[in-house]
Amino acid sequence: MPPPAIELRDAAVTLGGRTIWQDATLEIGDGEFVAVLGPNGSGKSTLLRVLLGQLPLSAGTVSVLGATPRDAKQEIGYLPQRHAFDATTRIRGVDLVRLGLDGDRWGLPLPGRTDARRRVEEAIRLVAGSAFARRAIGECSGGEQQRLLIAAALVSRPRMLFLDEPLDSLDLANQTSVTTLLNRICRSERMTTLLVAHDVNPLLAHLDRVVYVAGGRILSGPPAQVITSETLSELYGAHIEVLHTSDGRLVVVGQPDAHAQHSDQHAHP
Amino acid sequence: MNPQLSANPLTDLHQLLVYPFMVHALEAGTIVAVMASVAGWFMVLRRETFAGHTLSVMSFPGASAAALAGLPLSLGYFSFCFVAALVIGASSRTAGRRNLAQESAVTGTVQVSALALGFLFLSLYGGILENLEALLFGSFLGITTGQVETLAAITVGVLVFFAITGRPLLFSSVDELAAGARGVPVRLLHLAFLAVLGLAVAATAQITGVLLVFALLVAPAAAAQQLTARVTLGLALTIVFALAIIWLGLTLAYFSVYSVGFYVSTIAFALYVVCRGGRTVARRLAAA
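A brief look at the structure comes next. (Residues numbered from 1 in each chain as written. Chains lettered and ligands numbered in written order. Predicted model: local features only at pLDDT ≥ 70, side-chain atom pairs only at ≥ 80, totals over all residues.)

Things to note about the pairing of strand β11 (residues 250-253) of chain A
Residues and elements named next belong to chain A. Pairing of strand β10 (residues 241-244) with β11, which is carried by 4 bridges, proceeds in the antiparallel orientation. Residue pairing for β11: Val242 is matched across the bridge by Val252. In sequence, β10 turns back onto β11 through a hairpin of 5 residues, with Gly248 there showing a positive phi of about 85°. (Pairing = 2+ DSSP bridges. Helix = DSSP H or I, 4+ residues; strand = E, 2+ residues; numbered from the N terminus.)

What to know about the packing of helix α3 (residues 93-102) of chain A against helix α4 (residues 114-126) of chain A
All names here are of chain A. Interaxial distance between α3 and α4 falls to 10 Å at its minimum, and their mutual angle equals 115°. The two elements α3 and α4 cross, and the hand of that crossing is right-handed. On α4, the residues touching Val94, Val97, Arg98, Leu101 and Asp102 of α3 are Ala116, Arg119, Val120, Ala123 and Ile124. Residues belonging to the contact of α3 with α4 are distributed by class as follows: 7 nonpolar, no polar and 3 charged. (Axes fitted to C-alpha atoms, helices over the stretch in contact; angles between N-to-C directions. Left-handed = near helix turned anticlockwise from the far one by under 90°. Contact = placed C-beta atoms within 7 Å. Nonpolar A, V, L, I, M, F, W, Y, C, P; charged D, E, K, R; others polar.)

What to know about helix α2 (residues 20-45) of chain B
Taking 1.5 Å of rise per residue, the 26 residues of α2(B) would be expected to cover 38 Å, and the 37 Å separating its terminal C-alpha atoms lies within 8% of that figure. In the segment just after α2(B), B:Arg47 is the residue with positive phi, at about 60°. (Expected span 1.5 Å × (residues − 1).)

Regarding the nonpolar core
In terms of nonpolar packing, the biggest core is built from 173 residues, with A:Val97, B:Ala39 and B:Cys81 touching the most fellow members. Setting aside anything within four residues of it in sequence, one finds A:Val97 in contact with A:Val120, A:Ala123, A:Ile124, A:Ala133, A:Leu148, A:Ala151, A:Ala152 and A:Val155. (Core = buried A, V, L, I, M, F, W, Y, C linked by C-beta atoms within 7 Å. Buried ≥ 20, exposed ≤ 12 C-beta atoms within 10 Å, placed from the backbone.)

What about the interface of chain B and chain A?
Interface size is often expressed as the accessible area that is lost when the parts come together. Between chain B and chain A, the contact holds 21 residues from the first and 19 residues from the second. Secondary-structure elements contributing two or more residues to the side of chain B that touches chain A are α8 (145-174) and α9 (176-181) of chain B. Ranked by residue count, the leading element in the side of chain B that touches chain A is α8(B), at 9 residues. Here the residues of the side of chain B that touches chain A sort into 14 nonpolar, 4 polar and 3 charged.

Right, here's the structure in full:
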């Protein structure tokens, strides 16, 4: 059996004296398509930051691609959570993608690096962005901007892709098409893909695994096992009901937000 | 001296270059145009125009502090610019990220304090600030060879900075979070950029005066960014625009009764209006 792409053992994170989550143990296999779910403020982005080597654990161990997160950083394409570029951002999509390839290098680029140009074109083709990549990024629609940003994260040919709420600012049609795109890339390039999401429904058909962050704990498994009334009720320590709608969507009812959860804990220690 | 514009461009060129002061003005103008326009291109892209403006205002407290201490005025100016750049850069972040709203508030506060300090130093000094007019409106026509050489050295330094940091600076200007995740030292780059911007503004203001720095710092970059979103083309256009502004401004002033400042600012403004109008028309036509 190949080693897991991501492995957490009894991990905990403490920020400013507050424990975000603890006793987190999880394994993510190579090439899996994974959603990180949970209420606002529960520590989903914190998990990504740990895996990117930006935050240390206060307990336990973490390994990414068999190495420490810092050593694995070059192998990870990362798309931060963001608001859209505003209309006056005067840089072309293709230049943004190029920055994803060598924007961290000092000095002037060597003229006529056709290899770099080919890789930029390849990444843009992969996200079906050729039609709008030469426009200023601020003039592209939200879905087009998201595709170009994904291309920028892909262009360095990473082995993993981390995306923080990539569907957040998109309308329903674009949520579906970006999800389909990410899933296609995950399968065709065998690229382990981890995306933080608010709503599991646009992703549900594609997911190998969900990582659920709530109540200071982390649970992971196939969606059908994790997103159930029993599992979530246990995780939250409150009564949660998962409803199945007739069109196959999931609705989680009774989910308290992270802050309410914490004040509950203070009230009943 | 009463030069007349003739129909023969060669005669005009000869007239233009017959006096050393005019040659120095053209040399210094060319040098600061290149430096200010490149720094300005990054400044406009990063939305730090207000910070650039505030750095130019630093000449007032800088010069009055230097007068009070009996030091060269330019030394005071460079020091105040540098300190203000660091203050703005260091206090414009929340939770480790750039915060544009906070940056403009901090910048405004820095500007007000700088003006207050300037008045304080000036009243403590008790005298009249010499060269006040040169400080505000520049001194195109009294430039020495030594000044041209100093400017050239500063410009080389500024251009080397942008050549080295160009790509990471561009990356962090457009997408700071992604750049930071890739290991670009975004915070340090922000501070370094503002410090170099301060240097460029201070050096440019010695020639153009505080009030006209912006003709070279903002207008060429803003006009070029109206026309193109390409990086190299945009930078090239910015430099060409700045050179055109300074050369035309100096030439027209030489052959007429109006000042360099009037021509430089008017040409810069006209250039921006034409580029912006042209872009709007082009988009309407494309949409129709």
